[in-house]
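These are the residues of each chain, in order.
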Amino acid sequence: MNQILWSFQRLRQLLKECIAERDLVTGKSLHALYIKSIVPPSTYLSNHFILLYSKCGRLSAARLAFDATPAPNVFSFNAIISAYAKDSQPHVARGLFDQIPQPDLVSYNTLISAYADRGDAAPAVGLFTGMREMGLDMDGFTFSAVITAASHDIALISQLHCLAVAGGFDSFVSVNNTLITYYSKNGDLDAAKRTFYGFDEIRDEVSWNCMIVAYGQHQEGSKALALYQEMVRRELGVDMFTLASVLTGFTCLEDLSGGHQFHAYLVKTGFHQNAHVASGLIDMYAKCQAGMLECKKIFQEIPEPDLVLWNTMISGYSQNEEFSEEAFDCFRQMQRAGHRPDDGSFVCVISACSNSSSPSQGKQIHSLVLKSDIPANQIAVNNALIAMYSKCGNLRDARRLFDRMPEHNAVSLNSMIAGYAQHGRGAESLVLFELMVETDITPNSITFLAVLSACGHTGKVEEGHKYFNMMKEKFSIVPEAEHYSCMIDLLGRAGKLKEAERLIKTMPYSPGSISWAALLSACRRHGNIELAIKAANECLQLDPTNAAPYVILANMYASAKKWEEVATVRKLMRDMGVRKKPGCSWIEVKKRIHVFVAEDSSHPLIKEIYDFLEEISMKIKIAGYVPDLSWALVQDDGTKAGEMELRLGHHSEKLAVAFGLISTKDGEPLLVMKNLRICGDCHNAIKFISAITKREITVRDAHRFHCFKDGQCSCGDYW
């Protein structure tokens, strides 16, 4: 008997040490000894073997230990429920939960946390409500978990806050920290500040970190840095989370110089090799346009990058269009390193697909999402897929995915509204906006940017005024400079140039180059040289290295046969060292991207492309096409009409379309991308080409989509 007791006590002690050290190898050996030993079956020991396997991520072994438990008690159930919760299987955890004769506080907290981690608000709130109705005791962890589950519902968060205060749970620092985080994420910085500053005696370092991040999220970088300095003055503990939070302040200020200095401090203190801090550094350098080489150097200094760091690196690449392919490579390297992509990984790499406008890669990533353990209702991933399909010209699949989503949030609707707007389908955009209002999903500033853009692309001036006024009057959203730019663009496209100029002069912000550029483009469209000169001068004062104002002015002078003025503008460009951004177009055929520039001679099939263009040019001229020489890149009045027409015929978008037509099957739709605005002559020519070839040809330029079919364009020639 004494030997059995000694064996039991010794086994229990060793098992506790294995759990504390996450020592799976020794733990498995102990389990084997336990099964073969003289120690009788023990619920206590079985519980701890379940706990060991759970903490070591061995769910199948934990379940076997649970099934072998002589008489499972609440502890047994809680241990296995926790294992399934951590393995992102709350539905299985719920099935076990329902088998417990009398769930305790740990049971409820574990399952609510599992739902919260998956973003399943309804079942989490249901459990919380059940606890209240039964009068069960709660603690700070209960409230923290259910607030996390309600992460996107600001009204529910406010109600939970009131309940926490009424029950005295606001004395738990974890509850206040969760409130600060989710008030901020839902755009209510004032509520986050009231929570932070209203409980001075129960703040910890995490509270300060949450508030620093909140300021960073709301572009209050100076306040974020000031709060960090206050932490230092109070001699509060500064850890990796604090330092990563401070980096958000430099990021939103785009203070690259300050970020470099803080990076130097991190190197001196050794924090630069911490994966969490490195994620903040990479994010800062990527968003401050410091170049991905610096980001890659930081990444390579981390001996064992975790999933968060990999995701940050993928995100950095995806934010820069020229690094889209590197984003895919990084995603594949992450998988080879043994990391299983999570929802953040997929959102980042799907964003890279959107930037590269590669339909094949986008569908491949979507297939990986479906094969992964990411739930079908994961709203962030679905939102990213909607945006990707829209930007890849596949509005049909975007809408199909949108309709299949069990629930939507503001981002879902914003993505779909913006997709319709970019494709010139303003009516559908506005219908979705009205649906958004009817379903009590509150529009935000991004929503109205998409709505105003839809009005601008379709000439809906009255509707534009209506929605612009609605922002402040109905939703208390103060229009930002970008909203004024949308209105200026809307008025300018509609030929209301004086009204657009008046809005620039009366807007409550200093007009930026975007506002003046919108007016300048409208002046070109409507041939108002006098106002164009004024708008161009304003643009150049704000950004003298921007080539667009010079080019637009030169082309307007050329159209008016004012060759001396053309020469003056071009000389000014040379003197200022300004070069026009080269236009290029690209098309994906058989999973390969083919890039073209004007007058291209590098493509292996360039002879066949030029032969086809010559042949199709004759056909579309017979059908009524007349080259618009005003879009040719003229140098002076000595340029011959034949040379100008030849240049027009070899624009990059025409080359890409021609390659697509000779490289794909009859009837197959084409998608061409262009980094600049589509040329007016190319726009007209492709309409004729679509009719003759009976092909649907979509061109996405820097502003919108043009879907050419049967000799018509989806823009209705209003662009």
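Refer to the structure presented above.
Residues numbered from 1 in each chain as written. Predicted model: local features only at pLDDT ≥ 70, side-chain atom pairs only at ≥ 80, totals over all residues. Heavy atoms only, no water.

J.: What should I look at first to understand the sheet that holds strand 5 (residues 705–709) in this one?
T.: Neighbouring strands of a sheet are bound in pairs by backbone hydrogen bonds; such pairs are parallel or else antiparallel. Taken together, six strands build an open sheet; the order of strands is 2-1-3-4-5-6 and the sheet is mixed. The sheet is open, and its two borders are formed by strand 2 (592–597) and strand 6 (712–713), each paired with just one other strand. In the sheet, strand 3 (residues 670–674) pairs with strand 4 (residues 697–700) via four bridges, with the strands oriented parallel. Within strand 4, the position partnered with L671 by the bridge is T698. (Pairing = 2+ DSSP bridges. Helix = DSSP H or I, 4+ residues; strand = E, 2+ residues; numbered from the N terminus.)

J.: What am I meant to see in the nonpolar core here?
T.: Note on soluble globular proteins: their nonpolar side chains tend to be buried together. Counting residues in each nonpolar core, the largest one holds 156 residues, and the members touching the most others are M211, I350, Y467 and L519. Examining the composition of this core, we find that nine residues originate from one element, helix 33 (residues 547–559), more than from any other. Those residues in contact with L519 that sit more than four places away from it in its chain are I488, L497, A500, E501, I504, L531 and A535. Within the second largest apolar cluster, 33 residues are counted, among which are L648, L655, V672 and I678. (Core = buried A, V, L, I, M, F, W, Y, C linked by side-chain atoms within 4.5 Å. Buried < 20%, exposed > 50% of the residue type's maximum accessible area, 1.4 Å probe, protein only. Contact = heavy atoms within 4.5 Å.)

J.: Looking at this structure, how should I read the packing of helix 7 (residues 105–118) against helix 8 (residues 121–134)?
T.: What describes two packed helices is the angle between their axes and the distance between those same axes. Between helix 7 and helix 8, whose axes approach to 8 Å, the crossing angle comes to 155 degrees. If you check the angle between helix 7 and helix 8, you find them roughly antiparallel. Crossing handedness for the pair helix 7 and helix 8: left-handed. Contacts from L105, Y108, L111, I112 and Y115 of helix 7 reach helix 8 at P123, A124, L127, F128, M131 and M134. Looking at the contact of helix 7 with helix 8 residue by residue, the classes come out as 11 nonpolar, no polar and no charged. (Axes fitted to C-alpha atoms, helices over the stretch in contact; angles between N-to-C directions. Parallel < 35°, antiparallel > 145°, perpendicular 65-115°, else oblique. Left-handed = near helix turned anticlockwise from the far one by under 90°. Nonpolar A, V, L, I, M, F, W, Y, C, P; charged D, E, K, R; others polar.)

J.: Explain the environment of I609 here, please?
T.: Mapped onto the fold, I609 is located in helix 35 (residues 606–622). In sequence terms I609 and L256 are 353 residues apart; their C-alpha atoms lie 46 Å from each other.

J.: Would you take a moment to explain helix 16 (residues 256–269) for this structure?
T.: Residue pairs three or four apart in sequence face the same way in an α-helix, which turns once every 3.6 residues. The first and last C-alpha atoms of helix 16 sit 20 Å apart over 14 residues, in line with the 20 Å expected at 1.5 Å per residue. Buried residues of helix 16: G258, G259, F262, H263 and L266, and no others. Seen end-on, helix 16 carries its buried residues on one side only, within an arc spanning 145 degrees. Within helix 16, the exposed residues directed more than 90 degrees away from the buried face are Q261 and K268. Those residues of helix 16 that are buried lie in contact with helix 14 (221–233), helix 15 (240–253), helix 17 (275–287) and helix 18 (292–300). (Expected span 1.5 Å × (residues − 1). Arc of directions from axis to C-beta.)

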